[in-house]
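Fold and geometry: a report
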Amino acid sequence: LRLNAILLIAFFALSIPINKFQQFLKGNNRAYDLYRMVFYDSGIRIKPGTATENEFLAYALKKQGALEEALSLYEDLYYHGRRRLAVINNLANVYTALDEDAKAETLYASALNYGRPEPYFNLAVLKLKNIEYLASSKYMENARQMGFSSLSSTPIDIGPTNRDFYEIILNG
């Protein structure tokens with residue numbers, strides 16, 4: 001019965017049209033504040049209660065240019081076992097921005113195992129920065145073969161998705 005209720009709630013939540021997503025979130029003030037913090041309002045700060053909320057806060061802080069605060073949160077997540085692709089990739093991006101290229105390269109290499117194109121692109125950007133053209137070209141081609149393209153000359157973050165916000169509501 002409990003599983004049926006969870007499935008029913010999940011079906012309802014996932015059937016909400018994307019353009020109604022914000023209205024849906026407004027029913028859950030904490031999730032809505034997280035959503036606004038990540039995507040719109042740099043003035044909103046919440047006190048994170050979970051690792052997922054810490055991850056969202058770190059992403060928002062990095063977007064706002066608060067690299068040291070984002071670094072602290074991402075390192076805490078990473079070194080306490082949260083090895084999700086977004087944490088690894090975005091931590092590497094912070095290291096790249098802070099010119100800690102060896103740490104960034106190690107993390108990007110680890111992130112390649114997840115099979116997403118962003119770490120390939122980001123490693124290509126790092127190699128290009130370090131004037132390693134052949135290696136850069138190889139990683140850029142890998143990203144392209146995965147259907148990825150970007151005009152960015154800086155590493156690409158992996159941000160929270162609408163599904164991540166649904167999970168906060170359903171699991172919260």
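These notes cover the structure that comes with them. (Residues numbered from 1 in each chain as written. Predicted model: local features only at pLDDT ≥ 70, side-chain atom pairs only at ≥ 80, totals over all residues. Heavy atoms only, no water.)

Before going further, it helps to spend a moment on the side chain of Asn93. As for its placement among the helices and strands, Asn93 is situated in helix α6 (residues 85-97). Within the structure, Asn93 has its side chain in polar contact with the side chain of Asp157 (distance 2.7 Å). (Helix = DSSP H or I, 4+ residues; strand = E, 2+ residues; numbered from the N terminus. Polar contact = N/O pair within 3.5 Å; in protein donor to acceptor, adjacent residues only side chain to side chain.)

To continue, consider the environment of Ala86. As for its position among the elements, Ala86 is in helix α6. Residue classification places Ala86 among the buried residues on the basis of a relative accessible area of 11%. Separated by 73 residues in sequence, Ala86 and Gly159 place their C-alpha atoms 6.8 Å apart. Apart from the residues lying within four places of it in its own chain, the contact partners of Ala86 are Glu55 and Ile158. (Buried < 20%, exposed > 50% of the residue type's maximum accessible area, 1.4 Å probe, protein only. Contact = heavy atoms within 4.5 Å.)

Below, the discussion takes up the environment of Arg45. Relative to the elements of secondary structure, Arg45 occurs in the loop between α3 (29-39) and α4 (51-63). Note: C-alpha distance between Arg45 and Leu34 (eleven residues apart in sequence) is 8.4 Å. Beyond its immediate stretch of four places on either side in the chain, Arg45 contacts Met37, Leu57, Leu61, Gln64 and Glu69.

Counting across every chain of the model gives eight aromatic pairs. Where Tyr78 meets Tyr79, the ring centres are 5.1 Å apart and the plane angle is 85°; that geometry is what we call edge-to-face. Given the relative accessible area of 54%, Tyr79 is considered exposed. Taken together, a centroid distance of 6.5 Å and an interplanar angle of 40° make the contact between Tyr120 and Tyr139 tilted. On the criterion of sequence distance, the pair formed by Tyr120 in helix α8 (residues 117-129) and Tyr139 in helix α9 (residues 133-145) is long-range, its members being 19 residues apart. On the accessibility criterion, Tyr139 (15% relative accessible area) is buried. An aromatic cluster is built from Tyr35, Phe39, Tyr40, Phe56 and Phe165, whose rings are joined through pairwise contacts. Here the guanidinium or amino end of Arg83 rests over the ring plane of Tyr78, the centre of that ring lying 3.9 Å away. (Phe/Tyr/Trp six-rings, centres within 6.5 Å; stacked < 30°, edge-to-face > 60°. Lys NZ or Arg CZ within 6 Å of the ring centre and 35° of its normal.)

Before going further, it helps to spend a moment on the nonpolar core. Ranked by size, the top nonpolar core spans 46 residues in total, and within it Leu34, Met37, Val38, Tyr74, Leu91 and Leu107 carry the most contacts. Those elements giving two or more residues to this core turn out to be α3, α4, α5 (67-79), α6, α7 (101-111), α8, α9 and α10 (162-171). Discounting residues that sit within four places of it in the chain, Leu91 has contacts with Leu71, Tyr74, Glu75, Tyr78 and Leu107. (Core = buried A, V, L, I, M, F, W, Y, C linked by side-chain atoms within 4.5 Å.)

In this section: α6. Compared with an ideal rise of 1.5 Å per residue, which puts 13 residues at 18 Å, α6 spans 18 Å between its outermost C-alpha atoms and is within 8% of the ideal. Considering only its buried residues, α6 is in contact with α4, α5, α7 and α8. Positioned one or two residues after α6, Asp99 has a phi angle of 60°, which is positive. (Expected span 1.5 Å × (residues − 1).)

Axis separation between α4 and α5 bottoms out at 8 Å; the angle between their running directions is 155°. By the angle between their directions, the pair α4 and α5 is classed as roughly antiparallel. In this structure, α4 meets α5 at a crossing whose hand is left-handed. Between α4 and α5, the residues in contact are Ala51, Asn54, Glu55, Leu57, Ala58, Tyr59, Leu61 and Lys62 and Leu67, Glu69, Ala70, Leu73, Tyr74 and Leu77, respectively. Split into classes, the residues belonging to the contact of α4 with α5 amount to ten nonpolar, one polar and three charged. (Axes fitted to C-alpha atoms, helices over the stretch in contact; angles between N-to-C directions. Parallel < 35°, antiparallel > 145°, perpendicular 65-115°, else oblique. Left-handed = near helix turned anticlockwise from the far one by under 90°. Nonpolar A, V, L, I, M, F, W, Y, C, P; charged D, E, K, R; others polar.)

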